[in-house]
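Architecture and fold: a report
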Amino acid sequence: MNARSKRWMIAVGATFAVAAGGGATAVASASAQSAAASGTAQIPPVESNIAGKSWVKYSASSGEKSASLAADADEATAWKATGPREQWLRLDLGGAYDNLRKVRVVFPTATATYRYVVEASANGAAWTTIADRSRNAAAGPGEDQFVKPGIRFVRVRISGASPGAAIGVAELKVYNYLRPDLVVGADISYADQDTNQDHLTYYVDDPATATDVLTSARNAGMRYVRLRVFNTPRDERTGSYLNPAYQGPDRTLEVAKKVKSLGMGLGIDLHYSDSWADPSKQAKPSAWASLPFDQLVTAVHDYTRDYVERLVAQGTVPDKVAVGNELIKGFLWGSERPAPWFTDAADWCYDCYFNHDPAYTAKPGGGIAWDDWKATDPARRAAYEASWDRFTTLQAAGIRAVHEVAAAHRVQIGVETHTIIDNGQFERTQEFWNQFLRRLKAKGQDIDVMGFSYYSEWHGTPDVFESELQKLAAQHPGYKIDVAETAHPSAFSDPIPNSPYPVSIQGQQDALLRVFQMVNDLPDNRGLGALVWEPAHFQSMVNWTTSAWPVIQWNSSIKAYGVVPPPAPTPVRLKAGDGSLTVTFRPSLAGDPAQLAYQVSVDDGATWRTPTISSQSDGTVSANLQNLRNGVRYTVSVRAVSALGGPGAAAPAGTVVLNAPPPGPKHR
């Protein structure tokens, strides 16, 4: 979240306008809400046509110049072969996909019958048939479902057609669906204030079910929560230290316990500041403001190591740690970016506590000297290079600290670097990642996740942003890609720049699903997930027209989280009985099995049954299957099914032979 977004949030006054860790929470009246806030959102099937993505490459047995017309979303155009009838069209999807599930082929002569097969391959050499219509006798398009992970190449081979039919393909669509391992969640750092200061509760459909913001979000399908951490929280304007120190290290430890107890993933976003750090300002913590650079490096390392150690020690191992927030201009700014950073007295942060205090820029820090990026003057070029060296030295110190704690405790903790792609500034973001990753590796460190904020009003249209993400992913293989922040309003009167979605609950939901899709659609399953920024506060997902403070109703768009298929239950244990089988497992979303149905297969996934589920005292659940046959070997697996996301990944449980009946008398 950057300075412009915070200023815009306060200006429109449509949700909570809260300074970092601030005292009172203000709420706009219901009369300020748009009429579009009422109503519910309809959730369509979440599928996307990978064949039409900008990075897909096309080849053909003949007529290759027209091959791309087979995936241009226009059935009036077509790839048309120029040779004999045995022809093929091939798509290179740019990387492997694990959740392609459907293929549709439309032919140039609508009334003709075509005989063909559709094949898939991981490497372009070994092919598997996913749709066999080699004996097709019906005219019109063909649509087939299939299950095969690891697909990079798709090929249509046409073996024959009705007399006079044009040999070719008008449209080839290959549909991708959300992966069960896609991480969808939110930054809900205000949870502490919501619960302990304002005593708010939230519900989706029934106010009788209202509960704290984290539990209600989990019950709606959210799987992951990010928590930001300020070093010593201060009011951004006055500089007063906050008491209670909301979003500080100690209180965030307590919120982390709640997140983990709900079975959700945990992300930690270290700001390395006492208040908001974003592209417009990256003020050092007050305690570090006057440190010489070498001591600043030590402070970053020691603070990071100590805090991650505390998280691990209390049993809340974070899944991911972001070493800084929205770092396109660096962090821990010092003398390389002299203050004031806000020069207009009318600017919202002109009187922020750090803006006119020379202590914050007295010593060098980690700001990137972008003004010298393309300079030809040797002194300016040297300043640019030096700024990058300082920035990556500080980053390497924090990243090394996370790795040290993870290694010491033998746990997995991902490390993320979080930046932005400003609209029209893609070249600068490319330069950032080229410089950053090269220099970081030279210092013996690396990251796991390349993170990005996406707000259409500042970062462009969804299509442009998706294309830029794919290009960065292709340029830097080996890293996961994460949308660390996103949002879309449901109740403001003005349209959102660069967004094709209206300001409504439906528009909000569709915008979020589009972000989920763009991450999910990155080749090689590189998309890690997407997080909504403060869904109860900024461009909120709550409905003030139907809420009675302090009981707050979520917009129906909160159900967008439920469209991601659930992950596989684990671990799974089997106990054979006499003609029966008990299957015990831990729910896919711990603590709330009621939101999911669970299915068990005893024939290696060929068929599925939905047994009655009973909860156990240790947090597991069990299902008892009757009317099975003794002495038979069953291959068992379990999967969760959500109402919107459908069936998730199956957890194989192995094979079991039920108790054989006791032997009868021997007959001679």
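Quick caveat, the model's predicted, so the values are computed rather than measured. (Residues numbered from 1 in each chain as written. Predicted model: local features only at pLDDT ≥ 70, side-chain atom pairs only at ≥ 80, totals over all residues. Heavy atoms only, no water.)

1. Side note on the overall build of the chain
Helices and strands together make up the secondary structure of the chain, namely ten helices and 31 strands. For 668 residues, the compact-globule estimate of 2.2 N^0.38 gives 26 Å, and the C-alpha radius of gyration of the chain, at 28 Å, lies within 12% of that figure. In terms of principal-axis extent, the alpha carbons of the chain reach across some 95 × 70 × 55 Å. For the chain, contacts bridging at least 24 residues in sequence account for 75% of all contacts bridging at least 6. Put simply, the chain shows about 26100 Å² of open surface, and 50% of that area lies on carbon and sulfur atoms. (Helix = DSSP H or I, 4+ residues; strand = E, 2+ residues; numbered from the N terminus. Rg over C-alpha atoms; globule rule 2.2 N^0.38 Å. Contact = heavy atoms within 4.5 Å. Areas by Shrake-Rupley, 256 points an atom, 1.4 Å probe, with all protein chains shown as cover.)

2. Some thoughts on the state of the cysteines
On inspection of all chains with the given rule, the structure shows one disulfide. Two residues share a disulfide in this structure: C349 and C352, whose sulfurs sit 1.9 Å from each other. An S-S torsion of about -115 degrees defines the bridge between C349 and C352 as left-handed. When sorted by exposure, C349 lands in the same class as C352, which is buried. (Disulfide = S-S within 2.5 Å. Buried < 20%, exposed > 50% of the residue type's maximum accessible area, 1.4 Å probe, protein only.)

3. A word on the nonpolar core
The biggest cluster of nonpolar side chains holds 100 residues, and the ones touching the most others in it are F432, F436, I447 and W554. What I447 contacts, discounting residues up to four positions off in sequence, is I399, V415, T417, W433, F436, L437, L440 and Y479. Ranked by size, the runner-up nonpolar core spans 36 residues in total, among them A67, L91, V105 and V154. (Core = buried A, V, L, I, M, F, W, Y, C linked by side-chain atoms within 4.5 Å.)

4. Quick look at the sheet that holds strand β24 (residues 551-554)
The strand order across the open sheet built from three strands is β13-β24-β23, with neighbouring strands paired in mixed fashion. Every other strand in the sheet has two partners, leaving β13 (201-203) and β23 (542-548) as the edge strands with one partner each. Strand-to-strand twist in this sheet, taken as the mean axis angle between neighbours without regard to direction, amounts to 35 degrees. Two elements, β13 and β24, share three bridges in a ladder whose sense is parallel. The residue bridging Y202 from the neighbouring strand is I552, located in β24. (Pairing = 2+ DSSP bridges. Axes fitted to C-alpha atoms, helices over the stretch in contact; angles between N-to-C directions.)

5. Comments concerning the confidence of the model for the chain
Looking at the chain, pLDDT values average 90 and 91% of them are 70 or higher. Counting interchain partners and residues more than four positions distant, the pLDDT-below-50 stretch residues 2-38 has 101 contacts. (pLDDT = per-residue confidence, 0-100.)

6. Re the pairing of strand β7 (residues 128-133)
Relative to β7, strand β6 (residues 114-121) is paired through five bridges, and the arrangement is antiparallel. Looking across to β7, one finds that A120 is bridged to T128.

7. Structural notes on the pattern of salt bridges
According to the stated counting rule, one finds 37 salt bridges in the structure shown. With a closest N to O distance of 2.9 Å, R237 and D351 form a salt bridge. With R237 in the loop between β14 (224-229) and α4 (249-261) and D351 in the loop between β17 (330-331) and β18 (366-367), the pair connects residues that are 114 residues apart, well separated along the chain. Assessed through its relative accessible area of 39%, R237 is described here as partly exposed. Of the charged contacts, one joins K374 and E427 as a salt bridge, the two residues approaching to 3.2 Å between their closest N and O atoms. One end of the pair, K374, is in the loop between β18 and α6 (378-409); the other, E427, is in helix α7 (residues 426-442), and 53 residues separate them in sequence. Several salt bridges converge on common partners, so that one network encompasses D187, R226, R228, D269, E485 and E534. (Salt bridge = Lys/Arg side-chain N within 4 Å of Asp/Glu carboxyl O.)

8. Describing helix α5 (residues 293-313)
With 21 residues, α5 extends 30 Å between its outermost C-alpha atoms, agreeing within 8% with the 30 Å of an ideal straight helix rising 1.5 Å per residue. Where the residues of α5 are buried, they touch β14, α4, β15 (265-270), β16 (320-323) and α6. (Expected span 1.5 Å × (residues − 1).)

9. Details of the packing of α6 against α7
At a minimum axis separation of 9 Å, α6 and α7 run at an interaxial angle of 60 degrees. With respect to α7, the element α6 is oriented oblique. Viewed along their axes, α6 and α7 form a crossing whose handedness is right-handed. Here α6 contributes Y384, E385, W388, D389, F391, T392, Q395, A396 and I399 to the contact with α7, which in turn contributes E431, F432, Q435, F436, R439 and L440. Residue classes in the contact of α6 with α7 are distributed as eight nonpolar, three polar and four charged. (Parallel < 35°, antiparallel > 145°, perpendicular 65-115°, else oblique. Left-handed = near helix turned anticlockwise from the far one by under 90°. Nonpolar A, V, L, I, M, F, W, Y, C, P; charged D, E, K, R; others polar.)

10. Focus: the pairing of β23
Where β23 meets β24, three bridges bridge the pair, whose relative direction is antiparallel. Bridge assignment links N543 to a residue of β24, and that residue is Q553. Hairpin geometry of β23 and β24 is characterised by an intervening segment of two residues between the two adjacent antiparallel strands.

11. Points about the sheet that holds strand β21 (residues 480-486)
Strand order in the closed barrel formed by eight strands is β12-β14-β15-β16-β19-β20-β21-β22, and the pairing between neighbours is parallel. Taking each pair of neighbouring strands and ignoring which way they run, the sheet shows an average axis angle of 25 degrees. The pairing of β14 with β15 spans six bridges and is parallel. Its bridge partner lying in β15, V225 is registered against L266. The strands that α5 touches are β14, β15 and β16; relative to β15, the one it contacts most, it runs at about 160 degrees. Those strands touched by helix α10 (residues 505-520) are β12 (183-187), β20 (449-454), β21 and β22 (527-533), and its axis lies near 155 degrees from that of β22.

12. Overview of the side chain of D269
For D269, the location among the structural elements is in strand β15. Given the relative accessible area of 0%, D269 is considered buried. D269 has contacts with R226, L227, R228, V229, A322, G324 and N325, leaving out every residue within four places of it along the chain.

13. Description of unusual backbone geometry
For the peptide bond that leads from W549 to P550, omega is 5 degrees, which places it in the cis range. For the bond from T570 to P571, the omega torsion is -15 degrees, close enough to zero to count as cis. As for its position among the elements, P571 is in the loop between β24 and β25 (572-576). One non-glycine residue, N525, adopts positive backbone phi at about 55 degrees. Mapped onto the elements of the fold, N525 is located in the loop between α10 and β22. A relative accessible area of 12% means that N525 is categorised as buried. The backbone of E534 shows a phi angle near 45 degrees, a positive value even though the residue is not glycine. One can find E534 in the loop between β22 and β23. Relative accessible area serves as the criterion here: at 1%, E534 is assigned to the buried category.

14. Things to note about α10
Over its 16 residues, α10 extends 23 Å from the first C-alpha to the last, a length consistent with the 22 Å expected when each residue adds 1.5 Å. The buried count for α10 comes to 14 of 16 residues, which makes it a mostly enclosed element.

15. Digging into the environment of A484
Residue placement: A484 occurs in strand β21. Sequence spacing of A484 and P207 is 277 residues, and the spatial spacing of their C-alpha atoms is 31 Å. The residues contacting A484, other than those within four sequence positions of it, are R226, E416, H418, F452 and L531.

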